[in-house]
There are 2 protein chains.
Amino acid sequence: MPFGKPRGERADAVRNRERLLETARELIAEYGVEHVTMDGLAERAGLGKGTVFRRFGTRSGIFQALLDAAERQFQEQVLSGPPPLGPGADPVARLVAYGRARIAFLLANHAVARAALDRAQPIPAGDASVSQLHIRVLLGQADVRMPSLDGLSIQLTAALEGPLLLYLSMSGSSVPPTRDVDRLLGDSWQALVERITATP
Amino acid sequence: MPFGKPRGERADAVRNRERLLETARELIAEYGVEHVTMDGLAERAGLGKGTVFRRFGTRSGIFQALLDAAERQFQEQVLSGPPPLGPGADPVARLVAYGRARIAFLLANHAVARAALDRAQPIPAGDASVSQLHIRVLLGQADVRMPSLDGLSIQLTAALEGPLLLYLSMSGSSVPPTRDVDRLLGDSWQALVERITATP
DNA sequence: AGCCTAAACGGACTTTACCCCGTTTGCTAT
DNA sequence: ATAGCAAACGGGGTAAAGTCCGTTTAGGCT
């Protein structure tokens, strides 16, 4: 049996990763996402620039890592939190709850999510596919009759994650309170889901 | 009456804009979007770097301009082309046709669209809002009964424009022929629209 | 304990987007 | 024509992302 252990990450590497992530969070809180620089991060963390790049590959890699951590926490709630977000409730109710929770999550993290985009890579992927899978499963449980559940789940996912981008794209100068957007998008999502899952 | 004419763009400026746009198209065709550099563009066009930035502000500005031109052409078809894409057909049929055409357009231009994103700005906006407005109008004509037509049109727009990103995010290495994606997304869109506009 | 190697580290170097400002040029009113 | 000026041009300068490679170190092995 070859490769019993591909020799995991070294202790100092792990330590430095944590340190960098934490420092990044500080810098974001202090100066805002777009003013976080690799040099600045390295210096504040007391490490070399080469180290930062070794750990995260690219600038957006840092934000991907950050987002990933937040994402994991979010999924935790979905997989084993209390209903209706967690398991145990009616599938349609869970879909609605999921959408609302997801919107709140995206609103809270949009700056980081945006910075996680990378011009050189296809697209970070990461979270959206998880979202899509969850939606797909719930749709199946809800017994929706449609030619292609896959296609529908792709579009619902987009309908869920996309509006935020559209919303931000148009706001420009005026920045209405997050609370309102949260509610508007949540209500729309609920209406959409209920209309689609309605049995004629 | 002040500002009779804010003194329009100078002739040489117009000429150079065209030239830069055309050169950009060449470079994209030759080396791919992500290898187009501002220096390279300026040199090939026989102009100074400063000029390029004066015209487009930022690197992504170039791609926004490029996309804008393509977009205008597309909207032309929608506003005064033959039905069902153009005016004259049943609203639901037009919605379906619009979605299919839009998907094809996005697939054809996704590389440029992606490059048009700008880390420093909210989001290019530009086209999506037009798309949304059109959808909004058609929904109104189709007499859909929903609490918020605005919310619905935002989400439908996202459902239309978003899947492409999701699709691209997951493909990674394998790149299935565009034709198939085109059809899959088109069919899904049609199913979604018909389900939503169906009168129970 | 001491050795050995793969992994991690650091920082100088390169590339590229973007800024600045002195110079040039198309327009318009005389 | 031509003078005046706002606008356009050019290219050197700066900052930040990303690369390279020589140096250091953790941690398994003898």
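Residues numbered from 1 in each chain as written. Chains lettered and ligands numbered in written order. Predicted model: local features only at pLDDT ≥ 70, side-chain atom pairs only at ≥ 80, totals over all residues. Heavy atoms only, no water.

Comments concerning the nonpolar core
- Formed by 58 residues in total, the largest nonpolar core has its most connected members in L152 of chain A together with L152 of chain B.
- With residues up to four places along the chain from it excluded, the contact list for L152 of chain A reads L139, V144, M146 and I196 of chain A together with L192 of chain B. (Core = buried A, V, L, I, M, F, W, Y, C linked by side-chain atoms within 4.5 Å. Buried < 20%, exposed > 50% of the residue type's maximum accessible area, 1.4 Å probe, protein only. Contact = heavy atoms within 4.5 Å.)

Points about the packing of aromatic side chains
- Across all of its chains, the model carries 4 aromatic pairs over all chains by this definition.
- Chaining the aromatic ring pairs together yields one cluster made of F74, Y98 and F105 of chain A. (Phe/Tyr/Trp six-rings, centres within 6.5 Å; stacked < 30°, edge-to-face > 60°.)

Points about the pattern of salt bridges
Residue and element names in this part refer to chain B.
- Under the counting rule described, the total for this entry stands at 21 salt bridges over all chains.
- Salt-bridge contacts for R25 lead to E22; the nearest nitrogen and oxygen are separated by 3.4 Å. One end of the pair is R25 and the other is E22, both in helix α1 (residues 11–31) and 3 residues apart, which spans about a single turn. (Salt bridge = Lys/Arg side-chain N within 4 Å of Asp/Glu carboxyl O. Helix = DSSP H or I, 4+ residues; strand = E, 2+ residues; numbered from the N terminus.)

Side note on the protein's contact with DNA strand C
- Taken together, 22 residues surround DNA strand C, and among them N16 and G48 of chain A together with M38, K49 and R59 of chain B come closest.
- Among all atoms of DNA strand C positioned within 4 Å of the protein, those belonging to sugar or phosphate total 67%.
- Separating a phosphate oxygen of DNA strand C from a side-chain N or O atom of R54 of chain A is a distance of 3.1 Å.
- Here the element with the most residues in the surface near DNA strand C is helix α3 (residues 49–56) of chain A; it accounts for 5 residues.
- Its residues assigned to classes, the surface near DNA strand C shows 6 nonpolar, 6 polar and 10 charged. (Near = heavy atom within 4 Å. Polar contact = N/O pair within 3.5 Å; in protein donor to acceptor, adjacent residues only side chain to side chain. Nonpolar A, V, L, I, M, F, W, Y, C, P; charged D, E, K, R; others polar.)

Description of the side chain of Q75 of chain A
- With respect to the helices and strands, the residue Q75 of chain A is situated in helix α4 (residues 59–80).
- In contact with Q75 of chain A, not counting residues within four places along its chain, are Y98, R102 and V130 of chain A.

Here's the deal with the protein's contact with DNA strand D
- Near DNA strand D you find 21 residues, and of these K49 and R59 of chain A together with N16, K49 and G50 of chain B are the closest.
- Those atoms of DNA strand D that come within 4 Å of the protein belong to sugar or phosphate at a rate of 58%.
- In this structure, G48 of chain B approaches DNA strand D through a main-chain N or O atom, which is 2.8 Å from a phosphate oxygen.
- Taking R55 of chain B, its side chain carries an N or O atom lying 2.8 Å from a phosphate oxygen of DNA strand D.
- Looking at the surface near DNA strand D, the elements with two or more residues in it are α1 (11–31) and α3 of chain A together with α1 and α3 (49–56) of chain B.
- The element best represented in the surface near DNA strand D is α3 of chain B, accounting for 5 residues.
- Split into classes, the residues belonging to the surface near DNA strand D amount to 6 nonpolar, 6 polar and 9 charged.

Quick word on the side chain of R195 of chain A
- Take R195 of chain A: it is sitting in helix α8 (residues 178–197).
- A polar contact of 2.9 Å, which involves the side chain of R195 of chain A, links it to the backbone oxygen of I196 of chain B.

Focus on helix α5 (residues 91–115) of chain B
Residue and element names in this part refer to chain B.
- With 25 residues, α5 extends 33 Å from end C-alpha to end C-alpha; this agrees with the ideal 36 Å at 1.5 Å per step.
- Where α5 bends most, at N109, the angle is about 70°.
- Where α5 begins, the capping side chain belongs to D90, and its oxygen is found 3.1 Å from the backbone nitrogen of V92. (Expected span 1.5 Å × (residues − 1). Bend = angle between axes of the 7 residues up to and from the residue.)

Brief notes about α1 of chain A
Residues and elements named next belong to chain A.
- Here α1 contains 21 residues, and its C-alpha end-to-end distance of 30 Å stays within 8% of the 30 Å for a straight helix at 1.5 Å per residue.
- Buried residues of α1: A13, N16, L20, L21, T23, A24, L27 and I28, and no others.
- In this fold, the buried residues of α1 make contact with α2 (38–45), α3, α4 and α5 (91–115).
- Looking at the residues trailing α1, positive phi occurs at G32, about 90°.

Examining the packing of helix α2 (residues 38–45) of chain B against α3 of chain B
Residue and element names in this part refer to chain B.
- In the contact formed by α2 and α3, the axes pass within 8 Å of each other and the chain directions differ by 110°. Considered as vectors, α2 and α3 are oriented roughly perpendicular to each other. Contacts between α2 and α3 involve M38, D39, L41 and A42 on the former and, on the latter, K49, V52 and F53.
- When the residues that make up the contact of α2 with α3 are grouped by side-chain class, the tally is 5 nonpolar, no polar and 2 charged. (Axes fitted to C-alpha atoms, helices over the stretch in contact; angles between N-to-C directions. Parallel < 35°, antiparallel > 145°, perpendicular 65-115°, else oblique.)

Re the packing of α1 of chain A against α4 of chain A
All names here are of chain A.
- Between α1 and α4, the least distance of the axes is 11 Å, while the angle of their chain directions is 95°. When the interaxial angle is binned, α1 and α4 end up roughly perpendicular. Contacts from L21, A24, R25 and I28 in α1 reach I62, F63, A65 and L66 in α4.

Notes on the environment of L133 of chain B
- Note on placement: L133 of chain B falls in helix α6 (residues 127–142).
- Between the alpha carbons of L133 of chain B and E34 of chain B there is a distance of 31 Å; along the sequence they are 99 residues apart.

Description of the environment of L139 of chain B
All names here are of chain B.
- Topologically, L139 is positioned in helix α6.
- Among the residues examined, L139 registers a relative accessible area of 1% and is labelled buried.
- Residues in contact with L139, not counting those within four places in the same chain, are L95, V144, L149, L152, S153, L156 and T197.

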